[in-house]
Amino acid sequence: MHIEPGILDAVKVTAANGAALATLAAYSPALVRQPVELVKTAFAALFFSVFMEIFHLPVGPSELHLIGASAVYFTFGFLPTLFGFAIGLLLQGALFEPQDLLHLGVNSLSLIVPLVAVHETVGKRFFAEGAAKATVTWRRIMAFDAAYYSGVVAMVGFWLFLGEEATPLADWALFAASYLPLVLCEPVFTWVALKGVDRLTADNPLRRVTALDRLALA
């Protein structure tokens, strides 16, 4: 989902940086009103950064990354995931890939725009108050992953369409096809991660609704 430097001109990069900052600013009040969400954001950023470094592979004008989106989302929630993606990309650029800092806003939007869209359309019911306890279902995990990663792939195509150099449709199709095996592995990763979270919290007498409970069928 990274866009290689040089594809977008300075004006478009600046506009993307502004759009990313505006998006985060719009959700900042809700984040700072809940101190526990700040702690969860730090963990979300940390885990996302680790996931990205576990696997990354250049493919044409972009890169494949293990994002762990559904695992982070269902474990920490929407706001920590939203800000965790942006902070994680900042950490990844500052510590490992300084050239990616140029496209920090571009790459952040590639992740947070699909996240906002999926959360606002289908994700909110996962976190509905008073959700009854039930077992994890593959349907919920795969539905989230399918919608989210379709959005990520679409965002990559959007940036390539805006690029200064002509990018054949075949290059974007190659990226999308290369992403498919990785995306198909993510539901398994999410299932294992949420099972681990559930076991860690199972003996907590103050436990109410865990990430697993939120995945109950409506």
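Parameters at a glance
- Residues numbered from 1 in each chain as written.
- Predicted model: local features only at pLDDT ≥ 70, side-chain atom pairs only at ≥ 80, totals over all residues.
- Heavy atoms only, no water.
- Helix = DSSP H or I, 4+ residues; strand = E, 2+ residues; numbered from the N terminus.
- Contact = heavy atoms within 4.5 Å.
- Patch = residues over 30% accessible without salt bridge, like charges linked within 9 Å, V, L, I, M, F, W, Y side chains within 5 Å.
- Areas by Shrake-Rupley, 256 points an atom, 1.4 Å probe, with all protein chains shown as cover.
- Salt bridge = Lys/Arg side-chain N within 4 Å of Asp/Glu carboxyl O.
- Buried < 20%, exposed > 50% of the residue type's maximum accessible area, 1.4 Å probe, protein only.
- Axes fitted to C-alpha atoms, helices over the stretch in contact; angles between N-to-C directions.
- Parallel < 35°, antiparallel > 145°, perpendicular 65-115°, else oblique.
- Left-handed = near helix turned anticlockwise from the far one by under 90°.
- Nonpolar A, V, L, I, M, F, W, Y, C, P; charged D, E, K, R; others polar.
- Phe/Tyr/Trp six-rings, centres within 6.5 Å; stacked < 30°, edge-to-face > 60°.
- Core = buried A, V, L, I, M, F, W, Y, C linked by side-chain atoms within 4.5 Å.
- Expected span 1.5 Å × (residues − 1).
- Bend = angle between axes of the 7 residues up to and from the residue.
- Polar contact = N/O pair within 3.5 Å; in protein donor to acceptor, adjacent residues only side chain to side chain.

(A) Representation of the overall build of the chain. When its secondary structure is counted, the chain shows seven helices and two strands. Walking the chain from its N terminus toward its C terminus, one meets helices and strands in the order α-α-β-β-α-α-α-α-α. At a minimum sequence separation of 6, the contacts of the chain that also span at least 24 residues come to 81%.

(B) Just a nonpolar patch on the surface, in detail. On the surface, a cluster of nonpolar side chains totalling about 710 Å² of accessible area is made up of Val-39, Phe-43, Leu-46, Phe-47, Val-50, Ile-54, Phe-55 and Leu-57. On the basis of relative accessible area, Phe-43 is assigned to the partly exposed category, the value being 42%.

(C) Local environment of the packing of helix α2 (residues 35-54) against helix α4 (residues 78-95). Where α2 contacts α4, the axes come no closer than 7 Å and their chain directions differ by 50 degrees. The pairing of α2 with α4 is recorded here as oblique in orientation. Here α2 runs over α4; the crossing is right-handed. For the pair formed by α2 and α4, the contact residues are Glu-37, Lys-40, Thr-41, Ala-44, Ala-45, Phe-48, Ser-49, Met-52 and Glu-53 on the first element and Leu-79, Pro-80, Thr-81, Phe-83, Gly-84, Phe-85, Ile-87, Gly-88, Leu-89, Leu-91 and Gln-92 on the second. Residue composition of the contact of α2 with α4, grouped by class: 11 nonpolar, six polar and three charged.

(D) Up close: the packing of aromatic side chains. Taken as a whole, this structure holds 12 aromatic pairs when the rule is applied. When the centroid spacing of 5.9 Å and the interplanar angle of 25 degrees are considered together, the rings of Phe-47 and Phe-76 count as stacked. Remark: Phe-76 occurs in helix α3 (residues 69-76) and Phe-47 occurs in helix α2; sequence separation between them is 29 residues. Taking relative accessible area as the criterion, Phe-76 reaches 13% and is therefore assigned buried.

(E) Molecular detail of the environment of Ala-147. As for its placement among the helices and strands, Ala-147 is situated in helix α6 (residues 138-162). Under the relative-accessibility criterion, Ala-147 is labelled partly exposed at 36%. Measuring from C-alpha to C-alpha, the distance between Ala-147 and Pro-114 comes to 8.1 Å, with 33 residues separating the pair along the chain.

(F) Examining the nonpolar core more closely. Counting 51 residues, the largest nonpolar core has Ile-67, Phe-85, Leu-111, Phe-144, Tyr-148 and Tyr-179 as the members making the most contacts within it. Elements with a minimum of two residues in this core: α1 (10-32), α2, α3, α4, α5 (104-123), α6 and α7 (169-201). It is α6 that contributes the most residues to this core, nine residues altogether. The residues contacting Phe-85, other than those within four sequence positions of it, are Phe-48, Ile-67, Ala-69, Leu-111, Ile-112, Leu-115 and Tyr-148.

(G) Structural detail: α1. Relative to the 33 Å expected for 23 residues at 1.5 Å per residue, α1 spans 32 Å between its end C-alpha atoms, a close match to the ideal helical length. At Ala-26, α1 shows its largest bend, some 35 degrees, and a proline, Pro-29, comes one to four positions later. Looking at α1, one finds that the buried residues are Val-13, Ala-16, Ala-20, Leu-24 and Leu-31. On its buried side, α1 packs onto α2, α4, α5 and α6. Sitting at the head of α1, Asp-9 places a side-chain oxygen 3.2 Å from the backbone nitrogen of Val-11.

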